[in-house]
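Descriptive analysis of the structure
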Amino acid sequence: MVNIVLLKAEIDDLEIPYGVLAKKCNVSRQTVNNWLSNPDSISAANAKKLADALRITDPDKLLSIFF
């Protein structure tokens, strides 16, 4: 499960455009938009891509956003 509010807040805090995030995740911008509008569609592998792209390494933050 993904806490979409916290995920979007992290993206906003980093001021990373969805297009850049998509490139870092090796997906299309539309895919990122789909993930953010339907967080249940984010697989574990894609959650890892997002965490890596956003450089989220703090275990507490990872757990609060992605589980």
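Model, not experiment: these values are computed from the prediction. (Residues numbered from 1 in each chain as written. Predicted model: local features only at pLDDT ≥ 70, side-chain atom pairs only at ≥ 80, totals over all residues. Heavy atoms only, no water.)

1. With respect to the confidence of the model for the protein
Looking at the protein, the pLDDT average stands at 94 and 100% of residues meet or exceed 70. Least confident of the elements in the protein is helix α5 (residues 59-66), whose mean pLDDT is 92; most confident is helix α2 (residues 18-25), at 96. (pLDDT = per-residue confidence, 0-100. Helix = DSSP H or I, 4+ residues; strand = E, 2+ residues; numbered from the N terminus.)

2. Details of the side chain of Glu10
Relative to the assigned elements, Glu10 resides in helix α1 (residues 4-14). Among the polar contacts made by the side chain of Glu10, one reaches the side chain of Lys61 at a distance of 3.2 Å. The contact partners of Glu10, leaving out residues within four places of it in the chain, are Leu54, Ile56, Lys61 and Ile65. (Polar contact = N/O pair within 3.5 Å; in protein donor to acceptor, adjacent residues only side chain to side chain. Contact = heavy atoms within 4.5 Å.)

3. Side note on the nonpolar core
Core analysis: the largest hydrophobic core is formed by 20 residues, its most contacted members being Leu7, Ile11, Leu21, Ile42, Leu50, Leu54 and Phe66. Per-element tally for this core: the top contributor is helix α4 (residues 44-53), with four residues. Every residue in contact with Leu21, bar those within four places of it in the chain, is listed here: Ile11, Ile16, Val32, Leu50, Ala53 and Leu54. (Core = buried A, V, L, I, M, F, W, Y, C linked by side-chain atoms within 4.5 Å. Buried < 20%, exposed > 50% of the residue type's maximum accessible area, 1.4 Å probe, protein only.)

4. Here we look at the layout of surface pockets
Any empty space left between atoms is shown by rolling a water-sized probe over those atoms. Estimated volume of the largest pocket: approximately 200 Å³. As for the largest pocket, its lining consists of 14 residues, and the residues nearest its centre are Ala44, Ala47, Lys48, Phe66 and Phe67. Of all elements in the fold, only α4 and α5 reach the threshold of two or more residues within the lining of the largest pocket. At five residues, the largest contribution of residues to the lining of the largest pocket is made by α4. Residues that form the lining of the largest pocket fall into these classes: 10 nonpolar, one polar and three charged. (1 Å grid on protein atoms, 1.4 Å probe; cavity = no way out; pocket = protein on both sides within 12 Å on 5 of 7 lines; lining within 4 Å. Points joined across faces, edges and corners; volume = space filled by probe spheres on them. Nonpolar A, V, L, I, M, F, W, Y, C, P; charged D, E, K, R; others polar.)

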